[in-house]
Amino acid sequence: MSNTASTAPVAKKQKINQFRRLLWHINRTDLGWVTKTALTSLQLGARAKRIELLKTLPVKPEWSEASRKLSEQGHVDVTSIVDRSLAEAVAAVAQDKVSRLDELAGKQLLGHKSFWVSLLDEDLVNGAFATDHPFVRYALQPAALRIIGDFMHELPQLSDVLLTLSRPTENQPLSYSQLWHLDHDDKRVCKLFIYLTDVRDTADGPLTFIPAPASKPFRNTLKSHMSDDKVFSRVDRSAVKEMVAPRLSSFIVNTARCLHMGSRILSDRTRLLYTATYIQPPRIYPEPPARFRAADALNEIERTAMRL
């Protein structure tokens, strides 16, 4: 094989990475909305379908109120709204994983964050979760889809599910998501969380965020991750919301609008967290490989939400 042939895939990958990097910078500013609008205009039929599917979901006053809070403040506590039995199923899977922590920590695929361990990698087949997995079922419950969908004005796309155990990293500088940041998976990003351990105080590393209105000064910043000093030079500390809450508390945060950080674990504490990520399609970045694989009978709403 010639050198030209062997280096072609590498060159192509570099171009794709450069393109993604350019989109990443654009998406961090209001110019991202121009890209988003252009992409949406090319898929008006698909958007119309998602709007109609959203309308077929049940409507409840408490769901509508939760969506209103999510839209106005960028966050909402849904502990009393979501399905408790589905949360318990998630917790059971999580507890089994933690009981095998040492084994799973050595196998994790995402190893760049020393302060937490991703515990679901063994459940993936070719990078995809089965649709009957408790973590997927929790993310697809009608309450979550309706609350986030009403905020996005269409059926959202489930992008990923994750189980992470945050651990102390004493004597190491804060890094990655331990620093203040916005998520730029897309222009509209919502994350559904469940605390799977009690988060009693600051030492447990609670998710900490600044509601959307107060986070507005950081909307067009090109800085990826910021220190406390940098953030509090532009916003008062009184704006900070620290999610201290008991096990099985569940909440939704628009992490593209709410500046946030977490996993600042102290002493011998740990924090076990479920995260489901949703975006408003079409995705600004090139669509990644399928994250879900059909393992049971799915309705049209579920198939559309997972792009199956």
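Note that the structure is predicted; figures quoted are calculated from it, not measured.

Chemist: With reference to specific residues and values, describe the pattern of salt bridges.
Modeler: Where side chains of opposite charge bring their charged atoms close, a pairing between them can arise. Under the definition given, this model contains 24 salt bridges. A salt bridge links E154 to R50; the shortest N-O distance between them is 2.6 Å. On the criterion of sequence distance, the pair formed by E154 in the loop between helix 8 (142-152) and strand 4 (157-166) and R50 in helix 3 (residues 44-55) is long-range, its members being 104 residues apart. In terms of burial, E154 and R50 fall into one category: buried. Among the salt bridges present, the one from R269 reaches D201, with a minimum N-O distance of 2.9 Å. Taken together, the residues R269 in the loop between strand 9 (259-261) and strand 10 (271-279) and D201 in the loop between strand 5 (189-195) and strand 6 (208-210) connect sequence positions 68 residues apart. Residue classification places D201 among the partly exposed positions, given a relative accessible area of 31%.

Chemist: Lay out the packing of aromatic side chains with the relevant residues and their values.
Modeler: Throughout the structure, instances matching the rule amount to five aromatic pairs. Residues Y195 and F251 carry aromatic rings whose centres are separated by 5.2 Å and whose planes lie at 75° to one another, so their mutual orientation is edge-to-face. Taken together, the residues span a long stretch of sequence, with Y195 in strand 5 and F251 in strand 8 (residues 250-253) at a distance of 56 residues. Aromatic ring contacts, followed pair by pair, group F135, Y138 and Y274 into a single cluster. The positively charged end of R188 is found above the aromatic ring belonging to F151, 5.9 Å away from the centroid. Above the plane of the ring of F218 lies R234, whose end atom (NZ or CZ) is 4.9 Å from the centre.

Chemist: How would you summarise the nonpolar core if you had to cite specific residues and measurements?
Modeler: L158, V161, L196, I252, Y274 and Y278 are the most contacted members of the largest nonpolar core, which has 53 residues in total. At seven residues, the largest contribution of residues to this core is made by helix 8. If sequence neighbours within four positions are ignored, L196 has contacts with V90, A91, A94, L163, R247, L248, L272, L273 and Y274. Membership of the second largest hydrophobic core comes to 12 residues, among which are F193, Y195, L207 and M243.

Chemist: Report on the packing of helix 4 (residues 61-73) against helix 8, specifying residues and quantitative values.
Modeler: Following both chains from N to C, one finds helix 4 and helix 8 inclined at 45°, their axes separated by 8 Å at the closest point. When the interaxial angle is binned, helix 4 and helix 8 end up oblique. Crossing geometry of helix 4 relative to helix 8 is assigned as right-handed. Residue-level inspection shows W63, A66, S67, L70 and S71 of helix 4 in contact with helix 8, the latter providing P142, A143, R146, I147, I148, D150 and F151. Residue classes in the contact of helix 4 with helix 8 are distributed as eight nonpolar, two polar and two charged.

Definitions and cut-offs
- Residues numbered from 1 in each chain as written.
- Predicted model: local features only at pLDDT ≥ 70, side-chain atom pairs only at ≥ 80, totals over all residues.
- Heavy atoms only, no water.
- Salt bridge = Lys/Arg side-chain N within 4 Å of Asp/Glu carboxyl O.
- Helix = DSSP H or I, 4+ residues; strand = E, 2+ residues; numbered from the N terminus.
- Buried < 20%, exposed > 50% of the residue type's maximum accessible area, 1.4 Å probe, protein only.
- Phe/Tyr/Trp six-rings, centres within 6.5 Å; stacked < 30°, edge-to-face > 60°.
- Lys NZ or Arg CZ within 6 Å of the ring centre and 35° of its normal.
- Core = buried A, V, L, I, M, F, W, Y, C linked by side-chain atoms within 4.5 Å.
- Contact = heavy atoms within 4.5 Å.
- Axes fitted to C-alpha atoms, helices over the stretch in contact; angles between N-to-C directions.
- Parallel < 35°, antiparallel > 145°, perpendicular 65-115°, else oblique.
- Left-handed = near helix turned anticlockwise from the far one by under 90°.
- Nonpolar A, V, L, I, M, F, W, Y, C, P; charged D, E, K, R; others polar.

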